[in-house]
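Now for the letters of each chain:
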Amino acid sequence: MKSIKKICCVGAGYVGGPTMAVIAQKNPHIQITVVDINQERINAWNDTDLRKLPVYEPGLDLIVAEARGRNLFFDTNVDKAIDEADLIFISVNTPTKTYGKGKGMAADLKYIELCARQIARVAKTNKIVVEKSTLPVRTAQAIKRILDQTGNGVEFQILSNPEFLAEGTAIADLMNPDRVLIGGAETVEGQEAIEALASIYAAWVPQERILRTNVWSSELSKLTANAFLAQRVSSINAISELCEVSGADVSEVSRAIGTDSRIGSKFLKASVGFGGSCFQKDILNLVYIAKSYGLDAVADYWEQVIIMNDHQKHRFAEKIVTTLFNTVNDKKIAFLGWAFKKDTNDTRESAAIYVANELMEEEAQIHVYDPKVTHLQMLSDLDYLATRTPEKNKKHLTTHTDPYTALEAAHGIAILTEWDEFKEYDWQRIYDNMQKPAFIFDGRDILDHQALENIGFEVYTIGKGN
Ligand code: UDX
Ligand code: ADP
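The model shown is predicted, which means the values in this text are computed figures rather than measured ones. (Residues numbered from 1 in each chain as written. Chains lettered and ligands numbered in written order. Predicted model: local features only at pLDDT ≥ 70, side-chain atom pairs only at ≥ 80, totals over all residues. Heavy atoms only, no water.)

Caption draft 1: Examining the site of ligand 1 more closely. Taken together, 20 residues lie around ligand 1, and F164, E167, S271, K341 and R444 are the ones closest in. The backbone of G275 places a nitrogen or oxygen atom 2.9 Å from an oxygen atom of ligand 1. In the environment of ligand 1, an oxygen atom lies 2.7 Å from a nitrogen or oxygen atom belonging to the side chain of R444. Burial of ligand 1 by the surrounding chains reaches 90%, relative to a free accessible area of 670 Å². At four residues, helix α9 (residues 215-246) tops the list of elements feeding residues into the shell around ligand 1. Here the residues of the shell around ligand 1 sort into eleven nonpolar, three polar and six charged. (Near = heavy atom within 4 Å. Polar contact = N/O pair within 3.5 Å; in protein donor to acceptor, adjacent residues only side chain to side chain. Areas by Shrake-Rupley, 256 points an atom, 1.4 Å probe, with all protein chains shown as cover. Helix = DSSP H or I, 4+ residues; strand = E, 2+ residues; numbered from the N terminus. Nonpolar A, V, L, I, M, F, W, Y, C, P; charged D, E, K, R; others polar.)

Following this line, the structure appears as structure tokens:
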């Protein structure tokens with residue numbers, strides 16, 4: 001088996017960047033070049049000021065500092081990196097289609113296909129091509145067909161090696177993964193390619209955690225894992241609404257059922273709704289695939305997880321409006337948090353976007369403080385929804401770099417992300433400077449509600465009878 005000396009990763013995003021940084025740190029003898037067509041992103045990855053890295057992940061800066069310039073490089077010369085590499089990771093984005101057949105459901109494989117065509121054009125020697133991006137089942141076959149068209153005698157082995165890291169904990173997840181999954185062809189060459197990739201992970205991952213499967217199982221496992229996790233969140237969120245009307249407390253219910261070892265305690269935190277680049281997209285992929293095989297009952301079953309999530313976001317926005325005397329017209333509503341979870345600057349599919357959009361439809365003025373998300377990003381998230389014009393979005397969104405100014409004179413405060421720093425604020429001072437009655441809508445159940453009520457706040461918490 002040929003050992004891997006050079007790796008190229010196409011796509012320097014939330015997956016490619018942190019994953020390659022850790023692989024480079026653990027394999028100093030392998031040269032890794034991460035390439036991207038986005039010059040600005042590559043510049044940011046190369047910035048000497050580590051606070052300017054394009055991806056915020058706790059611990060990432062130190063690893064980049066150690067490996068960058070040694071065996072980890074960031075570049076825009078995609079062709080050169082592909083040409084030199086023995087193994088190529090494809091980590092380009094695969095958003096949900098916003099047009100044509102499968103609109104709003106199927107994955108847009110445009111970037112994947114472009115990437116495959118580029119590899120086919122450039123490659124002069126045999127290569128292992130690894131799908132890292134989340135993809136619908138049987139994408140590997142499509143990639144293979146494109147690659148096999150080169151006609152210049154180059155042989156490609158396609159592997160599926162889905163990413164299981166969660167944002168905000170990416171470095172810890174990469175350092176100590178529950179498992180690494182590698183799917184490959186059931187041929188001698190396929191098995192050799194699997195072992196070549198496995199040897200890279202074996203630098204720090206115990207062998208028994210490196211699972212080998214066929215390509216389709218690997219691809220489908222990624223979608224299934226995310227669908228199961230999202231389903232847990234939607235299940236507890238469904239119960240949260242029942243708790244609110246019945247007087248039960250969803251955090252007590254979570255604790256009670258989580259101690260059942262068959263259920264387990266993780267992913268049972270009720271929230272304003274799950275976000276992130278994977279959950280919704282992967283379930284939609286699953287639904288689309290099931291439908292395309294004519295499996296309507298299977299498709300409907302999984303689609304319900306998304307329907308529940310949309311409902312949760314909607315009812316949170318609605319709760320704000322009804323509580324504020326059925327009108328938020330021209331009222332200042334302050335948001336704490338915009339990212340889809342804490343410890344990341346990623347906002348894809350964040351509940352905050354949908355809640356803000358709905359309140360803006362009611363003519364509210366939204367003032368946001370998030371420790372890591374920029375004003376431009378928030379505007380682009382709202383514009384991407386395309387339910388309102390960019391001019392209208394601009395008029396209703398104000399961003400603050402100081403939480404206290406964001407909250408000053410607000411009619412209500414909504415907690416959208418569970419950033420730890422929110423718990424440390426001077427809530428008495430905030431109360432004193434707000435419109436009365438002063439409302440807090442805790443969509444993440446992170447604050448000390450008794451203490452807030454003692455100050456004078458009226459508190460609504462997701463999943464608690466009020
Ligand atoms: C997820 C998977 O966890 C990861 O394995 C996969 O590789 C990519 O997708 P990520 O989207 O980064 O990772 O974040 P995750 O921690 O799974 O959270 C997703 C969403 O669910 C967040 O909005 C989070 O706030 C929400 N969530 C999670 C809840 O509302 N309640 C919970 O109990 C857990
Ligand atoms: P993920 O969360 O999957 O990592 P991102 O959107 O953060 O998604 O990252 C994907 C990256 O892939 C983007 O920076 C994008 O510019 C890059 N990309 C997309 N297509 C190509 C391509 N053909 N060549 C190089 N980079 C690409």
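Caption draft 2: Fine view of the sheet that holds strand β9 (residues 332-336). Sheet architecture is open: six strands sit in the order β11-β10-β9-β12-β13-β14, paired in parallel fashion. Both edges of this open sheet fall to β11 (397-399) and β14 (458-461), since each of them pairs with a single strand only. Mean inter-strand twist for the sheet, computed between neighbouring axes without regard to direction, equals 20 degrees. Here strand β10 (residues 365-369) runs beside β11; their pairing, made up of three bridges, is parallel. Note that in β11 the partner of V368 across the bridge is T399. Set on the sheet, helix α12 (residues 296-323) makes contact with β9, β12 (412-415), β13 (439-442) and β14; between it and β13 the angle comes to about 170 degrees. (Pairing = 2+ DSSP bridges. Axes fitted to C-alpha atoms, helices over the stretch in contact; angles between N-to-C directions. Contact = heavy atoms within 4.5 Å.)

Caption draft 3: Region of the structure containing a nonpolar patch on the surface. Together, I239, L242 and V245 give the surface a local cluster of nonpolar side chains, amounting to about 290 Å² of exposed area. Relative to the elements of secondary structure, I239 occurs in helix α9. A relative accessible area of 33% means that I239 is categorised as partly exposed. (Patch = residues over 30% accessible without salt bridge, like charges linked within 9 Å, V, L, I, M, F, W, Y side chains within 5 Å. Salt bridge = Lys/Arg side-chain N within 4 Å of Asp/Glu carboxyl O. Buried < 20%, exposed > 50% of the residue type's maximum accessible area, 1.4 Å probe, protein only.)

Caption draft 4: Main features of the packing of aromatic side chains. As enumerated under the stated definition, the model contains 17 aromatic pairs in all. Ring centres 5.6 Å apart and planes at 45 degrees place the aromatic pair Y404 and Y425 in the tilted group. With Y404 in helix α16 (residues 403-407) and Y425 in the loop between β12 and α17 (427-432), this pair connects stretches of sequence that are 21 residues apart. Residue Y404 shares its accessibility class with Y425, and that shared class is buried. What links up through ring pairs into an aromatic cluster is the set Y369, Y404, F422, Y425, W427, Y431 and F457. The positively charged end of K222 is found above the aromatic ring belonging to F164, 5.7 Å away from the centroid. In this arrangement the basic side chain of K436 is found over the ring face of Y431, its NZ or CZ atom lying 4.7 Å from the centre. (Phe/Tyr/Trp six-rings, centres within 6.5 Å; stacked < 30°, edge-to-face > 60°. Lys NZ or Arg CZ within 6 Å of the ring centre and 35° of its normal.)

Caption draft 5: Region of interest: the site of ligand 2. In the vicinity of ligand 2, 14 residues are found, and the nearest of them are Y14, V15, D36, R41 and R348. At a separation of 2.9 Å, an oxygen atom of ligand 2 approaches a polar backbone atom of V15. Within the backbone of I37, one N or O atom sits 3.4 Å away from a nitrogen atom of ligand 2. Calculation on ligand 2 without its partners gives an accessible area of 580 Å², and the protein chains cover 89% of this total. In the shell around ligand 2, the residues fall into six nonpolar, five polar and three charged.

Caption draft 6: The side chain of T347, seen in detail. Along the chain, T347 falls in the loop between β9 and α13 (351-361). Of note is the side chain of T347, whose polar atom sits 2.7 Å from the side chain of D381. Dropping the residues within four chain positions of it, T347 is found in contact with W338, A339, F340, I353, V373, Q377 and D381.

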